[in-house]
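# Coordinate inspection notes
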2 protein chains.
Amino acid sequence: MTTQQLVQQIKTKKSFLCIGLDVDLTKIPTHLLELEDPIFEFNKAIIDATHDLCVSYKPNTAFYEANGLKGWQSLQKTINYLNEKHPEIFTIADAKRGDIGNTSAMYAKAFLEDLNFDSVTVAPYMGKDSVEPFLAFENKHTIMLALTSNEGAFDFQTKNVEGNELYKVVIETSKTWKNSQNLMYVVGATKAEYFTEIRKIIPNSFLLVPGVGAQGGSLQEVCKYGMNDEIGLLINSSRGIIYASNDKDFAERARMEALKMQQEMEIILNKD
Amino acid sequence: MTTQQLVQQIKTKKSFLCIGLDVDLTKIPTHLLELEDPIFEFNKAIIDATHDLCVSYKPNTAFYEANGLKGWQSLQKTINYLNEKHPEIFTIADAKRGDIGNTSAMYAKAFLEDLNFDSVTVAPYMGKDSVEPFLAFENKHTIMLALTSNEGAFDFQTKNVEGNELYKVVIETSKTWKNSQNLMYVVGATKAEYFTEIRKIIPNSFLLVPGVGAQGGSLQEVCKYGMNDEIGLLINSSRGIIYASNDKDFAERARMEALKMQQEMEIILNKD
């Protein structure tokens, strides 16, 4: 998918919501556990109930790998379902991978080619040759961790590196990499003022923003400081939507939560 | 496995060799491709031929994920084979994972509990709460990226952070984390002098060292600067051993390469 197609979808749906499919077997409705593939059935129900309200789904690979072979199968079925039924959706493999060049190339093939996700998240610690293999795929996107929304973000990411915070150095450096136009960035919503600084470095890039709602970030604030002319934001919500209920009405209740966010987003989009 | 058991194994085998099982279907002998699970058959043959010469095997998950479901199955069969036939071997899931706390906990469960590896590699960028869930497993080990052996290591890891290089800050900080006694570190062999600096911060920790041989590092130099009283080193070799031949003699030839390294290590161990 091209960035332009993503922007078009946002404008059509009046939403820049990404729903995180972090499926934990201990949290989903128990009636699903009797089915052959509870994870996929859960995802399918959530997708069916919310796909007109969001522009992106983001399964986090950890939740699938925690179920071994069966989990990998559920991931495969989920991405296939999305690609077949909703090809307009921007799909994100939240994998946070990164390794030496030839090994990163294997991850890139796994997620962007074989599973055919539109994008994959990567970690920056190993530098240029650990990320460039992901960037080589045309019309695919690599979403690099910049400033995350967790407490540990302040251990290293905000440390001062030769006069600048590490996350800024990471973003700045990544702009020099080959095919850097295929980069997006993870920026947590916990401190909206950071977005001002980040927009000075990458005014045009898309930012994937976790941490709105459950983790305390404000949608209004993030949009105030982070939105650009082409929207440039994907706001992720996982638990707040998919676990709104753990009863038979889970999909309906997920839709209600997604609708609330979409409506807030529509107001913001109409204002601009 | 306890660290003491690993040290004992090193002393018994007179080897601190780790063999990287980075199995690429385009590089293994073609006669294996006719078998039902070529990756597992390749690993089994390599393990059978080399297990007395090394103390550790390290499958890199990228090479398995690149083959989807079948790849995950090969990984599972490989670790099960190691745990059943060679329980003395220290097994490493080279996964370089790291995510927010509850998500890292899923990865930790996947690799340390379900697949039952002795250890897993992790990336430090997301800080304390992204690593601590791995450290919570008793007699399991978390091998954190500190200074890697690739070119991109110099993009961020060696940058100056408030007077110290980032990789040193990462190591120093990690010592304060809960259960930090379960930490080991990845330190590339490309510049042996770095080991002197690292040993000042963590004199007793085990270091997993890629980059000897193929990537240009010298075993002698690494041992000179990096070895401690309890050895404290695992030297990894992947391609140099497992792809010594891509013909029917591949396992035999892998053994010859492993033997060369073991013999070099025996000389070094006898000297001390």
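Looking at an unreviewed UniProt entry, one finds chain A named Orotidine-5'-phosphate decarboxylase and attributed to Flavobacterium paronense. UniProt, in its Pathway (unreviewed entry) section for chain A, records the words "Pyrimidine metabolism; UMP biosynthesis via de novo pathway; UMP from orotate: step 2/2." UniProt's Catalytic activity (unreviewed entry) comment on chain A is quoted here verbatim: "orotidine 5'-phosphate + H(+) = UMP + CO2".

## Section: helix α9 (residues 194–201) of chain A
Because the α-helix completes a turn every 3.6 residues, residues three or four places apart line up on one side. Among the residues of α9 of chain A, Tyr 194, Phe 195, Ile 198, Arg 199 and Ile 201 of chain A are the ones counted as buried. Along the axis of α9 of chain A, the buried residues cluster in a sector spanning 155 degrees; they form a single face.

## A look at the nonpolar core
Soluble globular proteins tend to bury their nonpolar side chains together. Ranked by size, the top nonpolar core spans 204 residues in total, and within it Phe 16 and Phe 111 of chain A together with Phe 16 and Phe 111 of chain B carry the most contacts. Each residue touching Phe 16 of chain B, except ones within four places of it in the same chain, is listed here: Ile 10, Val 55, Leu 219, Cys 223, Met 227, Ile 231, Leu 233, Leu 234, Ile 235, Met 265 and Leu 269 of chain B.

## Looking at helix α5 (residues 101–114) of chain A
All names here are of chain A. In a regular helix each residue adds 1.5 Å, so 14 residues correspond to 20 Å; α5 covers 18 Å between its end C-alpha atoms and thus fits that length. At Ala 108, α5 shows its largest bend, some 25 degrees. If you check which residues of α5 are buried, you get Thr 103, Ser 104, Met 106, Tyr 107, Ala 108, Ala 110, Phe 111 and Leu 112. Trailing α5 by a residue or two, Asn 116 shows a phi angle of about 60 degrees, which is positive.

## Some points on the sheet that holds strand β5 (residues 141–147) of chain B
Residue and element names in this part refer to chain B. With parallel pairing, the eight strands of this closed barrel are ordered in space as β1-β2-β3-β4-β5-β8-β9-β10. Mean inter-strand twist for the sheet, computed between neighbouring axes without regard to direction, equals 30 degrees. Inspection of the sheet shows strand β1 (residues 17–21) paired to strand β10 (residues 233–237) by three bridges, in the parallel sense. What sits directly across from Leu 17, in β10, is Ile 235.

## Regarding the side chain of Asn 228 of chain A
Residue and element names in this part refer to chain A. Residue placement: Asn 228 occurs in the loop between α10 (219–226) and β10 (233–237). Looking at Asn 228, the relative accessible area reads 16%, which means it is buried. There is a polar contact of 3.0 Å between the side chain of Asn 228 and the backbone nitrogen of Glu 230. Those residues in contact with Asn 228 that sit more than four places away from it in its chain are Arg 199, Pro 203, Asn 204 and Ser 205.

## Observations regarding the interface of chain B and chain A
Residue-level contacts link 55 residues of chain B with 55 residues of chain A. When chain B packs against chain A, close to 4,900 Å² is buried across both sides, 62% of that on carbon and sulfur atoms. When residues of chain B are sorted by the area they lose upon contact with chain A, Leu 69, Tyr 125 and Phe 156 of chain B head the list and together hold 19% of the total. Here Asp 99 of chain B makes a salt bridge to Lys 96 of chain A, at a shortest N to O gap of 2.8 Å. Applying the counting rule to chain B against chain A returns 28 residue pairs in polar contact (both at pLDDT 80 or more). Examining the composition of the side of chain B that touches chain A, we find that eight residues originate from one element, helix α5 (residues 101–114) of chain B, more than from any other. Split by residue class, the side of chain B that touches chain A holds 24 nonpolar, 16 polar and 15 charged.

## Focus on the packing of helix α10 (residues 219–226) of chain B against helix α12 (residues 250–271) of chain B
Any two packed helices are characterised by the angle at which their axes cross and by the distance between the axes. Residue and element names in this part refer to chain B. The N-to-C vectors of α10 and α12 enclose an angle of 35 degrees; their axes lie 11 Å apart at closest approach. Handedness of the crossing formed by α10 with α12: right-handed. Residues Leu 219, Gln 220 and Cys 223 of α10 form the contact with α12, whose participating residues are Glu 264, Met 265 and Ile 268. When its residues are assigned to classes, the contact of α10 with α12 shows four nonpolar, one polar and one charged.

## Comments concerning the pairing of strand β3 (residues 90–97) of chain B
All names here are of chain B. Where burial is concerned, most of β3 is hidden: eight out of the eight residues are buried. Here β3 shows a buried face lined by Phe 90, Ile 92, Asp 94 and Lys 96 and a second buried face lined by Thr 91, Ala 93, Ala 95 and Arg 97. In this structure, strand β2 (residues 56–59) lies alongside β3, joined through two bridges in parallel fashion. Looking at β3, one finds that Ser 56 is bridged to Phe 90. Bridge count for β3 against strand β4 (residues 119–122) is three bridges, and the pairing is parallel. Its bridge partner being in β4, Arg 97 is matched across the sheet by Val 122. In terms of handedness, the path from β3 via α5 over to β4 forms a crossover that is right-handed.

## Things to note about the relation of the copies chain B and chain A
Both copies of the chain are related by a screw-like operation: a rotation about an axis and a shift along it. When chain B is brought onto chain A, the operation consists of a screw motion whose angular component is 180 degrees and whose axial shift is 0.0 Å, with 0.0 Å RMSD remaining. Given the turn and translation reported, the copies of this chain are related as if by a two-fold rotation axis. If distances are taken from each C-alpha of chain B to the rotation axis, the shortest is found for Val 161 of chain B, at 2.3 Å.

## Describing the sheet that holds strand β3 (residues 90–97) of chain A
Strand pairs in the sheet, formed through backbone hydrogen bonds, run parallel or antiparallel to each other. Residue and element names in this part refer to chain A. Sheet architecture is closed into a barrel: eight strands sit in the order β1-β2-β3-β4-β5-β8-β9-β10, paired in parallel fashion. Across the sheet, the mean angle from the axis of one strand to that of its neighbour is 30 degrees, orientation sign disregarded. As paired strands, strand β1 (residues 17–21) and strand β2 (residues 56–59) are joined by four bridges and run parallel to one another. By the bridge assignment for β2, Leu 21 is matched with Pro 59. Packing against the sheet, helix α2 (residues 38–50) makes contact with β1 and β2, and its axis sits at approximately 165 degrees to β1.

## Description of the pattern of salt bridges
Considering all chains together, one arrives at 34 salt bridges over all chains under this definition. One salt bridge connects Lys 109 of chain A with Asp 114 of chain A, and the closest N-O pair in it is separated by 2.8 Å. A salt bridge links Glu 172 of chain B to Lys 175 of chain B; its shortest N-O distance comes to 3.6 Å. One network of salt bridges, with partners in common, ties together Lys 58, Asp 94 and Lys 96 of chain A together with Asp 99 of chain B.

## Details of unusual backbone geometry
Residue and element names in this part refer to chain B. Within the chain, Lys 96 stands out as a residue other than glycine whose phi angle is a positive 50 degrees. Relative to the elements of secondary structure, Lys 96 occurs in strand β3. Here Lys 96 falls in the buried class, since its relative accessible area comes to 8%. Residues other than glycine seldom take positive phi values, yet Glu 162 does so here, at roughly 45 degrees. Mapping Glu 162 onto the fold places it in the loop between β6 (160–161) and β7 (164–165).

Here is what the cut-offs are and how they apply
Residues numbered from 1 in each chain as written. Chains lettered and ligands numbered in written order. Predicted model: local features only at pLDDT ≥ 70, side-chain atom pairs only at ≥ 80, totals over all residues. Heavy atoms only, no water. UniProt positions renumbered as here; feature names shortened; annotations may be inferred. Buried < 20%, exposed > 50% of the residue type's maximum accessible area, 1.4 Å probe, protein only. Helix = DSSP H or I, 4+ residues; strand = E, 2+ residues; numbered from the N terminus. Arc of directions from axis to C-beta. Core = buried A, V, L, I, M, F, W, Y, C linked by side-chain atoms within 4.5 Å. Contact = heavy atoms within 4.5 Å. Expected span 1.5 Å × (residues − 1). Bend = angle between axes of the 7 residues up to and from the residue. Pairing = 2+ DSSP bridges. Axes fitted to C-alpha atoms, helices over the stretch in contact; angles between N-to-C directions. Polar contact = N/O pair within 3.5 Å; in protein donor to acceptor, adjacent residues only side chain to side chain. Buried area = accessible area lost by both parts, 1.4 Å probe. Salt bridge = Lys/Arg side-chain N within 4 Å of Asp/Glu carboxyl O. Nonpolar A, V, L, I, M, F, W, Y, C, P; charged D, E, K, R; others polar. Left-handed = near helix turned anticlockwise from the far one by under 90°. Right-handed = clockwise from strand over helix to strand, strands pointing away. Least-squares fit on C-alpha atoms with pLDDT ≥ 70 in both.

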